[in-house]
Amino acid sequence: MADTSDEALVMPEPLEGGLINTLNSMGTMTPSPDVFSRNFIEFAPKALGRSLDIGAAYGVATLPALRNGASVIANDIDERHLKMLLSRAPQEHRGSLELVVGEFPEKLNFPDGSLGAVLICRVMHFFDGPRIERAATKVMRWLAPRGKVFVVGETPYIGTARAFFPTYEARLKAGDPWPGVVENAVTYDPKRASLLPKLFHLLDERTLRRVFTAAGFEIEQLEMFARPDYPTDIQLDGRESVGLIAVKK
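What you see is a predicted model; the values in this text were computed from it and never measured. (Residues numbered from 1 in each chain as written. Predicted model: local features only at pLDDT ≥ 70, side-chain atom pairs only at ≥ 80, totals over all residues. Heavy atoms only, no water.)

Counted residue by residue, strand E6 (residues 115-121) has 7 buried out of 7 residues, so it is predominantly covered. Where strand E3 (residues 50-54) meets E6, 5 bridges bridge the pair, whose relative direction is parallel. The partner of Ile54 across the bridge, within E6, is Ile120. Relative to strand E7 (residues 143-154), E6 runs parallel, the two sharing 6 bridges. What sits directly across from Ile120, in E7, is Val151. After leaving E6, the chain enters helix H4 (residues 129-142) and then returns to the sheet as E7, a path that is right-handed. (Buried < 20%, exposed > 50% of the residue type's maximum accessible area, 1.4 Å probe, protein only. Helix = DSSP H or I, 4+ residues; strand = E, 2+ residues; numbered from the N terminus. Pairing = 2+ DSSP bridges. Right-handed = clockwise from strand over helix to strand, strands pointing away.)

The next thing to look at is the sheet that holds strand E10 (residues 218-225). Overall, mixed pairing links the 7 strands, which are arranged E5-E4-E3-E6-E7-E11-E10 in an open sheet. A single partner strand is all that each edge strand has here, and the edge strands are strand E5 (97-101) and E10. Strand after strand, the sheet turns through a mean of 15 degrees between neighbouring axes, direction not considered. H4 contacts E3, E6 and E7 of the sheet and is inclined by roughly 150 degrees relative to E7. (Axes fitted to C-alpha atoms, helices over the stretch in contact; angles between N-to-C directions. Contact = heavy atoms within 4.5 Å.)

Written as structure tokens, this is what we have:
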């Protein structure tokens, strides 16, 4: 179990653009929800079942979803993040909040058909291909009919991945099912490699469409979008992130 002393429960100071480092070198949390996370926040109170925020960090999506009237399960692999999330949640909303520590998808389990919405924001770009497939399959089981999954990940079209472009394009041309896998974060972003796990998976629309369609989802929305809140060296041409909304029929 992670250290939960009072000293550990201090949120890091924001970086450029307001990004906040996680405590376990698993990237950053954005200062505000992106457009796909906002769709989750709006849908969650109407969902037929509780909502699950995977990789919730300090609560950038969980807290507004609670304020919007949703019942939310906040998940993270680091207990310290969840304790800080709880400390930030208003007392009147804590009855609608459940904290679950565990690695997704391997160490998380919920009853089949028990969830109404699932957000997986800036998490799957830390997974290899087979793990993404296992994740999509599990979420399909957990969701009730008409439940939705919301996914956000980084794409190959970011400034720090310029050196990776030729490899990505060559893999696309060769029909590689996982063209965006970066096996060493130093290759992807030397400046921030110490804040990232070694493997990084830059995702594209084709990959997400294939995986979630194969898992049985119907795709409602799938597109790349700009990240003006990112540091300038990460921004490129308005395709820095990819978002997906898919429904279980």
